[in-house]
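The chain contents come next:
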Amino acid sequence: MIDDEKFMRRCIQLAKNGRQNAKPNPMVGAVIVYDGRIIGEGYHVRCGEGHAEVNAFASVSSEDEPHLKDSTIYVSLEPCSHYGKTPPCADLIIKKGVRRVVIGCIDEFAEVQGRGIRKLREAGIEVEVGVLEEECKALNRRFFTFHREQRPYIILKWAQTANGFIDDHFQPVQISNDFTKMLSHKLRAEEDAILVGRVTDEREKPQLNVREWRGPNPKRLVIDHAHPLNLESLHAHNIQSLIVEGGAETLRSFLVQGLWDEIRVETNTQLTVSDGTRAPQIPSNAIVASSENFDDNRIVVFRKS
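Our subject in this report is the structure included herewith. Since we're looking at a predicted model, the values are computed, not measured. (Residues numbered from 1 in each chain as written. Predicted model: local features only at pLDDT ≥ 70, side-chain atom pairs only at ≥ 80, totals over all residues. Heavy atoms only, no water.)

Description of the environment of isoleucine 94
Right, so step 1: Mapping isoleucine 94 onto the fold places it in helix α3 (residues 89-96).
Right, so step 2: When the C-alpha positions of isoleucine 94 and valine 196 are compared, they lie 49 Å apart, and in sequence the two are 102 residues distant.
Right, so step 3: Ignoring anything within four residues of it in the chain, the contact list for isoleucine 94 reads Lys119, Leu120, Ala123 and Ile125. (Helix = DSSP H or I, 4+ residues; strand = E, 2+ residues; numbered from the N terminus. Contact = heavy atoms within 4.5 Å.)

Describing unusual backbone geometry
Right, so step 1: Cis rather than trans, the peptide bond between lysine 23 and proline 24 has omega equal to 5°.
Right, so step 2: Position of proline 24 relative to the elements: it lies in the loop between α1 (2-15) and β1 (29-34).
Right, so step 3: Here the phi dihedral of aspartate 35 falls at roughly 50°; this positive angle occurs in a residue that is not glycine.
Right, so step 4: Here aspartate 35 shows up in the loop between β1 and β2 (37-43).

Overview of the sheet that holds β2
Paired through backbone hydrogen bonds, the strands of a sheet run either parallel or antiparallel to each other.
Right, so step 1: Across the sheet, five strands lie side by side as β2-β1-β3-β4-β5; this open sheet has mixed pairing. The open sheet terminates on both sides in strands that have one partner only, identified here as β2 and β5 (126-129). The sheet shows a mean angle of 15° between the axes of neighbouring strands, direction not considered.
Right, so step 2: Of the pairings in the sheet, the one linking strand β3 (residues 72-77) to strand β4 (residues 100-105) comprises five bridges and is parallel in character. Looking at β4, one finds that tyrosine 74 is bridged to valine 102. (Pairing = 2+ DSSP bridges. Axes fitted to C-alpha atoms, helices over the stretch in contact; angles between N-to-C directions.)

Examining the sheet that holds strand β9 (residues 241-246)
Right, so step 1: Strands sit in the order β8-β7-β9-β6-β10-β12-β11 across an open sheet of seven strands; the sheet is mixed. Edge positions in the sheet fall to β8 (219-223) and β11 (286-294), since each has one partner strand and no second. Mean inter-strand twist for the sheet, computed between neighbouring axes without regard to direction, equals 20°.
Right, so step 2: Bridge count for β11 against strand β12 (residues 297-304) is eight bridges, and the pairing is antiparallel. Bridge assignment links asparagine 293 to a residue of β12, and that residue is arginine 298.
Right, so step 3: On the sheet, helix α7 (residues 178-190) packs against β6 (153-161), β7 (193-197), β9, β10 (262-268), β11 and β12 and is oriented at approximately 140° with respect to β9.

So, the packing of α3 against helix α4 (residues 115-122)
Axes are the key here: two packed helices are described by the angle between their axes and the distance separating the axes.
Right, so step 1: Where α3 meets α4, the closest approach of the two axes is 9 Å, and the angle between their N-to-C directions is 20°. With respect to α4, the element α3 is oriented roughly parallel. Here α3 and α4 pass one another in a crossing that is right-handed. Seen from α3, the contacting residues are Ala90, Asp91, Ile93 and Ile94; seen from α4, they are Gly116, Lys119 and Leu120.
Right, so step 2: When its residues are assigned to classes, the contact of α3 with α4 shows four nonpolar, one polar and two charged. (Parallel < 35°, antiparallel > 145°, perpendicular 65-115°, else oblique. Left-handed = near helix turned anticlockwise from the far one by under 90°. Nonpolar A, V, L, I, M, F, W, Y, C, P; charged D, E, K, R; others polar.)

Considerations on α4
Right, so step 1: Residues of α4 that are buried include every one of Gly116, Ile117 and Leu120, and no others. One side of α4 holds all its buried residues, which, seen down the axis, span an arc of 100°.
Right, so step 2: Structurally, α4 contributes buried residues whose contacts are with α3, β4 and β5.
Right, so step 3: Looking one or two residues beyond α4, the residue adopting positive phi is glycine 124, at roughly 90°. (Buried < 20%, exposed > 50% of the residue type's maximum accessible area, 1.4 Å probe, protein only. Arc of directions from axis to C-beta.)

Quick look at the pattern of salt bridges
Right, so step 1: Across all of its chains, the model carries 26 salt bridges by this definition.
Right, so step 2: Put simply, arginine 148 and glutamate 149 hold a salt bridge, and the shortest N to O gap is 3.4 Å.
Right, so step 3: Of the residues examined, arginine 148 reaches a relative accessible area of 49% and is grouped as partly exposed.
Right, so step 4: Ionic pairing is found between arginine 220 and aspartate 201, a salt bridge with its closest N-O pair at 2.7 Å. Pair noted here: arginine 220 is in strand β8 and aspartate 201 is in helix α8 (residues 198-204), with a separation of 19 residues, a long-range link. (Salt bridge = Lys/Arg side-chain N within 4 Å of Asp/Glu carboxyl O.)

Re the nonpolar core
Right, so step 1: Among the nonpolar cores identified, the biggest contains 39 residues, and Met8, Ile32, Ile73, Tyr74, Ile93 and Val101 are the most heavily contacted of them.
Right, so step 2: Ranked by residues supplied to this core, first place goes to α1 with six residues.
Right, so step 3: If we ignore the near neighbours within four places in the chain, the residues touching isoleucine 73 are Val31, Ile32, Glu53, Phe57, Ile93, Val98, Arg100, Val101 and Val102.
Right, so step 4: Ile154, Ala193, Val244 and Val300 belong to the second largest nonpolar core, which has 23 residues in total. (Core = buried A, V, L, I, M, F, W, Y, C linked by side-chain atoms within 4.5 Å.)

Points about the packing of aromatic side chains
Right, so step 1: As enumerated under the stated definition, the model contains three aromatic pairs in all.
Right, so step 2: Ring centres 5.4 Å apart and planes at 35° place the aromatic pair phenylalanine 179 and phenylalanine 294 in the tilted group. Here phenylalanine 179, found in helix α7, pairs with phenylalanine 294, found in strand β11; they are 115 residues apart in sequence, far enough to count as distant. (Phe/Tyr/Trp six-rings, centres within 6.5 Å; stacked < 30°, edge-to-face > 60°.)

Focus: the state of the cysteines
Right, so step 1: Taken as a whole, this structure holds zero disulfides when the rule is applied.
Right, so step 2: With no disulfide of its own, cysteine 11 lies closest to cysteine 136 among cysteine sulfurs, the gap being 7.4 Å.
Right, so step 3: No disulfide involves cysteine 105; its sulfur sits 5.3 Å from that of cysteine 136, the nearest cysteine.
Right, so step 4: The class of cysteine 105 is buried, set by a relative accessible area of 1%. (Disulfide = S-S within 2.5 Å.)

So yeah, pure geometry; function would need other evidence.
This is the structure in structure tokens:
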């Protein structure tokens, strides 16, 4: 079990390399192990190209090919069993004749959902499921939410002063430092769309693009009462994740409806103001997932309990 977890962690590490280009497919990593030694590994690099298992098998040297029948393949997500843009990975694993398959988590996508596991077992392959399951699920929480809820994974995000204001006397104020601003732009590069309300758009004219990081700009959305958010439309356009940056009323409208999966709050612990717009309240069903300090600024990430 210790070895299984070690190699599954390597799968997760590999999978993260596909964060930007694998979408709308999930991030997946695969590792092939013979006698405690990695003989092949790969990840899903880009949508429409080879899956993690395909790339892992392709990396095995000709000298190690004969060892496949006595090897274990570790995969962070259940191998696909259907024909999409590429052939089923479950069929490839069976063809390669590996002895054992260790899977991080079941694929919740409607066209998979346990079918890959069943196909492998029916072929006589030993299959272990659920190694580092929560970590593997977390890796693709956006993908799973998109298919399960028929909407994007929603991240509410704001910056506040030490005493809980998001501006200074209703005027914009610099809360982030240079490093946390860069982190915000990194997040934008990793998500599909970003949203603000009409008042924030008109008052602050935010660019909402990636200037401090390398990557694609998220799709820019502005809403108001006359132009409400249509989650079905976002789902139809394959937008798997959405950052909501406010202002306060827009953020509160999402909170009231329970339309959030993650909340990211940056607090400048040294900055206080005497009046302005109060930051939203963290809901009672939110639990701290992580907390990091960057000089005088702290970023806390909340998820639903």
